[in-house]
Amino acid sequence: GAVVSQHPSWVICKSGTSVKIECRSLDFQATTMFWYRQFPKQSLMLMATSNEGSKATYEQGVEKDKFLINHASLTLSTLTVTSAHPEDSSFYICSAEVAYSNEQYFGPGTRLTVT
Amino acid sequence: QQQVKQSPQSLIVQKGGIPIINCAYENTAFDYFPWYQQFPGKGPALLIAIRPDVSEKKEGRFTISFNKSAKQFSLHIMDSQPGDSATYFCAASGYGQNFVFGPGTRLSVLP
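Description of the structure in this document. Keep in mind it's a predicted model, so treat the numbers as computed, not measured.

**Considering the overall build of chain B**
Next up, step 1: The helix and strand tally for chain B stands at zero helices and 11 strands.
Next up, step 2: For chain B, the succession of helices and strands along the chain, N to C, is β-β-β-β-β-β-β-β-β-β-β.
Next up, step 3: Here the C-alpha radius of gyration of chain B, 13 Å, is about what a compact globule of 111 residues would show, namely 13 Å.
Next up, step 4: Dimensions of chain B, computed from C-alpha atoms along their principal axes, come out at roughly 40 × 30 × 20 Å.

Right, dumping it as structure tokens:
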């Protein structure tokens, strides 16, 4: 149990385009989902926290107009990188928190490359 | 106060050895301490987790030791195998608080 899927697993896009990444909890309800960014050989950097049905909470330094987060249901959250630039190239990972617990399960990640 | 310190940064052991990774936290409100294993190009996978009401938890070859008074916890991997080579992250969280991750430990188990 506690499986989180992410789609796509990798994406290459041109500078200036937008990319949407989906995160789904497959066998549990997640009232809270998190989006992280990870640079090579570094730890996870929390970008934002999204709660179902409400606006996401962004960490300091993360542009909310650039990284649009929608948490439309208890099993789906999406991250849209708008007007992507090469510096947005990174490994994006979502996680989902099991309702009423601290337990957090991660998706497999999405490798974004902006050319 | 939100920081979680993790050491060592990297670790090399022989097959069958017992690598130990240590973490320390400051926020006494933390009450959930998980360990994650991450292979290159993959998302972190929950390995084992402990809450402060116990001092030790074992799952298979993985053991967490927890010292509440010292605000430290550690991961021990018994009979380590080359397939255990990965990056390990400790984390801490509490009610209403986001996860705080350690910087990670790159473990290499030599055959």
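Still to come is the rest of the account.
**Focus: the overall build of chain A**
Next up, step 1: Broken down by element type, chain A carries zero helices and 11 strands.
Next up, step 2: Along the chain direction, N to C, the helices and strands of chain A fall in the order β-β-β-β-β-β-β-β-β-β-β.
Next up, step 3: In terms of overall size, chain A behaves like a compact globule, its C-alpha atoms giving a radius of gyration of 13 Å where 115 residues would be expected to give roughly 13 Å.
Next up, step 4: Overall, the C-alpha framework of chain A stretches about 40 × 25 × 20 Å when taken along its three principal axes.
Next up, step 5: Counting the 115 residues in chain A, one finds 50% classified as buried.
Next up, step 6: For chain A, the accessible surface area stands at approximately 5,700 Å², while carbon and sulfur atoms represent 52% of it.
Next up, step 7: Here chain A contributes 9 positively and 10 negatively charged side chains, and the mean placements of these two sets differ by 9 Å.

**A look at the sheet that holds strand E8 (residues 76–81) of chain A**
Residues and elements named next belong to chain A.
Next up, step 1: If you walk across this open sheet you meet the four strands as E1-E3-E8-E7, and the pairing is antiparallel. Edge positions in the open sheet fall to strand E1 (4–7) and strand E7 (67–73), since each of these has one partner strand only. For this sheet, the mean angle separating the axes of adjacent strands, direction not counted, is 15 degrees.
Next up, step 2: Note: E7 against E8, five bridges, orientation antiparallel. Residue pairing for E8: Asn70 is matched across the bridge by Thr78.

**Comments concerning the interface of chain A and chain B**
Next up, step 1: With 19 residues of chain A at the interface, the matching set in chain B holds 20 residues.
Next up, step 2: Together chain A and chain B conceal approximately 1,400 Å² of surface at their shared face, both sides included; 55% is due to carbon and sulfur atoms.
Next up, step 3: For chain A, the biggest contributors to the area lost against chain B are A:Ser43, A:Asn102 and A:Phe106; these three give 35% of the whole.
Next up, step 4: There are zero salt bridges connecting chain A and chain B.

**Here we look at the sheet that holds strand E1 (residues 4–7) of chain B**
All names here are of chain B.
Next up, step 1: Ordered by their spatial adjacency, five strands build an open sheet running E1-E3-E8-E7-E6, and the pairing between neighbours is antiparallel. Each having just a single partner strand, E1 and strand E6 (56–59) make up the two edges of the open sheet. Looking at each pair of strands side by side, their axes are set apart by 15 degrees on average, direction ignored.
Next up, step 2: In this sheet, strand E8 (residues 72–77) lies alongside strand E3 (residues 20–25) in antiparallel orientation, the contact comprising five bridges.

**Considering the environment of B:Gln6**
All names here are of chain B.
Next up, step 1: Secondary-structure assignment places Gln6 in strand E1.
Next up, step 2: Filtering out sequence-adjacent residues up to four positions away, Gln6 remains in contact with Ile21, Asn22, Cys23, Trp35, Tyr88, Phe89, Cys90, Gly102, Pro103, Gly104 and Thr105.
Next up, step 3: Of the polar contacts made by the side chain of Gln6, one reaches the backbone oxygen of Tyr88; its length is 2.7 Å.
Next up, step 4: Polar contacts involving the side chain of Gln6 include one to the main-chain amide nitrogen of Cys90, which spans 3.4 Å.

Basis of the calculations
Residues numbered from 1 in each chain as written. Chains lettered and ligands numbered in written order. Predicted model: local features only at pLDDT ≥ 70, side-chain atom pairs only at ≥ 80, totals over all residues. Heavy atoms only, no water. Helix = DSSP H or I, 4+ residues; strand = E, 2+ residues; numbered from the N terminus. Rg over C-alpha atoms; globule rule 2.2 N^0.38 Å. Buried < 20%, exposed > 50% of the residue type's maximum accessible area, 1.4 Å probe, protein only. Areas by Shrake-Rupley, 256 points an atom, 1.4 Å probe, with all protein chains shown as cover. Lys, Arg positive; Asp, Glu negative; His and termini not counted. Charge placed at Lys NZ, Arg CZ, Asp CG, Glu CD. Pairing = 2+ DSSP bridges. Axes fitted to C-alpha atoms, helices over the stretch in contact; angles between N-to-C directions. Contact = heavy atoms within 4.5 Å. Buried area = accessible area lost by both parts, 1.4 Å probe. Salt bridge = Lys/Arg side-chain N within 4 Å of Asp/Glu carboxyl O. Polar contact = N/O pair within 3.5 Å; in protein donor to acceptor, adjacent residues only side chain to side chain.

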